[in-house]
Amino acid sequence: MRLNFLSVAWVALLLAILAFLVVYPVLMLLLGALTDTNPVVDGFGVFRLSVENFTTVLTNPNVGEALANTLIACGGGTVVAVVIGLAFSWIVVRTNTPCKRFLAAASILPLFAPPLVAGVAWVILGSPKTGLINTLFKWVNLDWRVDFYTLGGLVFVFGIYYAPYVYMFTASALRNMDPSLEEAAEVSGASAFATLFSVTFPLIMPAIISGTLLSFIVMLGIYGIPAVLGAPTNINVLTTYIFKLTNWSPPLYNTAAAVAIILMVVTGLLVYLQQKVLTGRSYTTVAGKAFRPRSVDLGPWRWPVLGLAVLYLCIVVVLPLLALIVAAFRKFMFIRDAASLVDLRQYSMVHFDSIFDNPLTLRSIYNAVEVGLITALTGGILAFAIGYTIYRTRAPGRRTIDLLSTLPVAIPGLVIGVAYLWAWIGLPGGLYGTIWILALAFIARFMPDTVKALSTSFLQIHRELEEAAWLCGKGMLGTIRTIMLPLASPGVIAAMTLLFVLSIRELGSSLFLYTSNTMVMSVLLLDYYEGGNIGKTAAFSLVQTVLLGVLIGFANWLSRGASQASVGRTG
Amino acid sequence: MTGKIPATLDVAGLRKQFSVGRPAIDGVSFAVPPGEIVVLLGPSGCGKTTTLRCVAGLEYPTEGTISIAGRIVSSPAQGILVPPRLRDLGMVFQSYAVWPHMTVRQNVVYPLKHRKTGRAEALRKVDEVLALVGLSEYAERPVVALSGGQMQRVALARSIVYRPQLLLLDEPLSNLDAKLRLRLRDDLRRILKQTGMTALYVTHDQAEAVVIGDRIGVMRDGKLLQMGSPDEIYNRPADLFVANFTGATNELTGTLVERNGAFGVVDLGNGQRAEAALIHALGPGEKVRIALRPENIAIGKHDGSNSFHARILDRRYQGTQTIYDIDLFGRRLEVLELGTAARHEVGVDAPVSLPRTICWAYRDEGPLTNQ
Ligand SMILES: Nc1ncnc2c1ncn2[C@@H]1O[C@H](COP(=O)(O)OP(=O)(O)OP(=O)(O)O)[C@@H](O)[C@H]1O
Ligand SMILES: [Mg+2]
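Below you will find a few notes about this structure. Since the model is a prediction, treat every value here as computed from it, not as a measurement.

The rules we used
- Within each chain, residue numbers correspond to sequence positions counted from 1 in written order.
- To read the labels, note that chains go from A and ligands from 1, taken in the order they are written.
- Per-residue local features are limited, in this predicted model, to residues with pLDDT of at least 70; the limit for side-chain atom pairs, both in listing and counting, is 80 or more; totals at the level of whole chains, interfaces and linings are taken over all residues.
- Computation of side-chain values covers all heavy atoms of the structure but excludes hydrogens and water.
- Any two residues whose heavy atoms approach within 4.5 Å at even a single point are treated as in contact.
- A 1.4 Å probe defines the accessible area here, and the buried area is the portion of it lost by two parts on being joined, summed over both.
- Should a side-chain nitrogen of Lys or Arg be within 4 Å of a carboxyl oxygen of Asp or Glu, the pair is scored as a salt bridge.
- Numbering of helices and strands runs from the N terminus, with a helix taken as a DSSP run of H or I at least four residues long and a strand as a DSSP run of E at least two residues long.
- As a working rule, the residues Ala, Val, Leu, Ile, Met, Phe, Trp, Tyr, Cys and Pro are called nonpolar, Asp, Glu, Lys and Arg charged, and the rest polar, with Gly in that last group.
- In this description, the term disulfide denotes a pair of cysteine sulfurs within 2.5 Å.
- For every residue, the accessible area (1.4 Å probe, protein chains only) is compared with the maximum for its type, and the residue is labelled buried under 20%, exposed over 50%, or partly exposed between those bounds.
- To get an axis, a line is fitted to the C-alpha atoms, and for a helix only the part in contact is used. The angle between two axes follows their N-to-C directions and goes from 0 to 180 degrees.
- Each angle is binned into one of four classes, with values under 35 degrees roughly parallel, values over 145 roughly antiparallel, values of 65 to 115 roughly perpendicular, and all other values oblique.
- Should the near helix be turned anticlockwise from the far one by less than a right angle, the crossing is termed left-handed; should it be turned clockwise, right-handed.
- Residues are counted as near a molecule or strand when any one of their heavy atoms sits within 4 Å of it.
- We define a polar contact as two N or O atoms separated by no more than 3.5 Å, with the added condition that, inside protein, one atom must be a possible hydrogen donor and the other a possible acceptor, whereas residues neighbouring each other in sequence contribute only through side-chain atom pairs.
- Computed with the Shrake-Rupley method and a 1.4 Å probe, the accessible areas treat only the protein chains shown as cover for residues.

With 23 residues of chain B at the contact, the number on the chain A side is 21 residues. Both sides of the chain B and chain A interface together cover about 1,900 Å² of buried area, and 64% of this is carbon and sulfur. There are 1 salt bridge connecting chain B and chain A. When contributions to the side of chain B that touches chain A are tallied by element, the ones reaching two or more residues are β7 (89–92) and α2 (104–113) of chain B. Its residues assigned to classes, the side of chain B that touches chain A shows 15 nonpolar, 4 polar and 4 charged.

The structure is reproduced here in structure tokens:
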């Protein structure tokens, strides 16, 4: 590199930005956990260091209970997710079940459902008294009742919504597996069942383990689902407990920071473990080899199997959507019998009218879009700069840049929120209370996903195209402008759209950073829920769902399906 | 090794139509007597693997019957389809398909586990078969720590450890380097003959087919063109494709002028005539194509009825053999001469003789399109 000074300055600038976005807030969080000063009351900069917070937190029975609940909900949810995900990938990749293409495409839909909206839908379906499922049971004179305001309910909802993570990993591992490995077992005398357990599953074990870990990690960081399902019966998990701590008066910011640190360390360890499993030797992937797809002939069983798969999709997509629609358009949620369910006089737009009468509603949509735009543009440009530096230059320090920009993978959204709170709340006249603090937190939170989404489009552009431009006398910037940007622009636009979608859905970090002026959609939705009016909550959920649906459709159209995987770990 | 009596394999009228394209197998019939090794030989895509997989039960035939040891295992017309694990056969896959998450011993013992074999007996059988393939020292190694040739032998050991009544092998040597391939193909025949199993072996390598097979079946476009001993295939190919595929790459076209018994006189144009063996039933006046192996043309000799003068156009010395291009009244032919000496100079005229028994005349149906 000829202009050595310039490249050093460039790397220094990127490192400074990353330090500002990621390192500083995390350090402040750590500092917060290690002091007993209240940043709001005591002002900034007076810190008395102690590890007292951690000792109190670790001996606090409430934390213990929240931790136990978290482990049960996430552990149980992961088991459900693994069973569903594995079964689904086997059905889609390895059997002759009809409509496999449709099943494969539909199976990742649950990933797009915002956790809060999913939670609300399952409240409508599964609440012990007014839940639609119970109403239905009563109507057909069945003596069954379901109650989703329990740990079991959490396990179920977690399990069905995060099964696609397991599916994505195992389906691709199954596709990359030489089918003759299974055929050899069959010829050797093993039954289809024995083959599955002695050959197929052991061979894709790395994929199963990393999908399992990923779904567990995502569940750990989810706020929306446990917030709505756990609230009525006061079941706390770590995320909801952290938020409660900051909502007490006076707010226990230090304790919250300590619990957040614990959550971050656990997540970090699991992410590390998952990366290890992923990079460890995988038996199944043979580079560039295409295998003839092998499918087990299920015979007449293929119809029941198709039925099961469709049932899953109904439970996870259709049923919740119907529930939201019913609740949003019905004047009263009380449904006496089935006849009243189809009685059109019971339906109206009253809930929509009432949410749009509230000036906060439009304000929150406006805010969400504004934050989304800032995040998408700034975050997209930053990710482009980082991605280009990592993948296309030999600048010194690019490894550190890589490391810092992937660090947020191990930080749940809620923890980022607490960290940003600590980083800015005590600074007078600072970012706290503006739209920008939300945008910056989102940029930091989604940095790894954006860089990763962009890197695939970088890697597709041949280095020689750039070198040809250099040889023609173009400078580095000129080359980027005339070669890289035009070629990578579909990828960049897709990444920005993805960023936009993600920031509109984001709840965990917004919770700690909004003020009444900067209220965003997802926070207001939670407000409506906590206000107790299920009709308005459902109506606003539908508004958010439609908005997201349109955006995701647009993103998908732009990237021809490449954005699916990137919703990835964010939940 | 002692075991079951090897079985007969009978394939009759086998047809397989995939959802797309022309039939992959189109009316193939053959039989493999007990203890015999039959090789299916043919160019890529001719349907060898599909035939083998139909016999194994991994592919479902559209028509025809397959019986093993007199039991029908597949017959769409009668609605019979026995699953692979109940056909009692062994199979060696082209990709070996040894299980990478197991050791050599675990791989080999796997079929026995699914066949209710006692522990002690299983152990003994595994040791016996590992000794047979020469892998005794490697029993406890993970298979991923083996070379390609060793993996191939694990695959073989795994498929014969339970002494199936029929063994199927799909290009088991094609992933190995040339030298190893030569060594292993002799080993393979020795092992197969030692176990006395009936075997169906698929390859596209004619040299391999000749060494391994008791009989060879040549396939093309889903059809079985000829089934016979290597000697028959090499010395009396049933049609032009078989001749060409097994190395008779020279062709002369002409018209049959008269026939006497198994031979006939062919007019090659320019007033040149040659005698040829008539493989097809041909009558005078018919257009014919004569196939000739480069090894069978002798330069420098002048005997028999088919003796001509030719000019040497080109010489390619290959160490142990030399290949000449010669001009025989306007046609270019290839001649192969064994030996480390290249005896003929380029540009000279030399006598050549084409003994009539090696000039195979076929009905002229136009030039071969592929191969
Ligand atoms: N699952 C399938 N679906 C559709 N067509 C197939 C399928 N399997 C094989 N074919 C077709 O059937 C024909 C025969 O294939 P097969 O694999 O038997 O060839 P082969 O003789 O084994 O060739 P090779 O020497 O390359 O292995 C080919 O034209 C192939 O394209
Ligand atoms: Mg083949």
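Residue and element names in this part refer to chain A. Applying the stated criterion across every chain yields a total of 0 disulfides over all chains. Between C99, a free cysteine, and C314, which holds the nearest cysteine sulfur, the sulfur-to-sulfur gap is 13 Å. Residue classification places C99 among the partly exposed residues on the basis of a relative accessible area of 46%.

Moving on, we come to the packing of helix α8 (residues 151–175) of chain A against helix α11 (residues 205–221) of chain A. Residue and element names in this part refer to chain A. Interhelical geometry of α8 versus α11 gives an angle of 150 degrees and a closest axis separation of 8 Å. By the angle class used here, α8 and α11 are roughly antiparallel. Viewed along their axes, α8 and α11 form a crossing whose handedness is right-handed. Residues F158, Y162, Y165, V166, F169, T170 and A173 of α8 form the contact with α11, whose own contacting residues are A207, I208, S210, G211, T212, L214, S215, V218 and M219.

What follows is about the site of ligand 1. All names here are of chain B. Around ligand 1, the surrounding shell holds 11 residues, and the nearest of these are S44, G45, K48, T49 and T50. A distance of 3.2 Å is found between an oxygen atom of ligand 1 and a backbone nitrogen or oxygen belonging to C46. Between an oxygen atom of ligand 1 and a side-chain N or O atom of T50, the distance comes to 2.5 Å. Considered on its own, ligand 1 offers 630 Å² of accessible surface; in the complex 70% of this is hidden by protein. When the residues that make up the shell around ligand 1 are grouped by side-chain class, the tally is 3 nonpolar, 5 polar and 3 charged.

None of this, on its own, says anything about what the molecule does.
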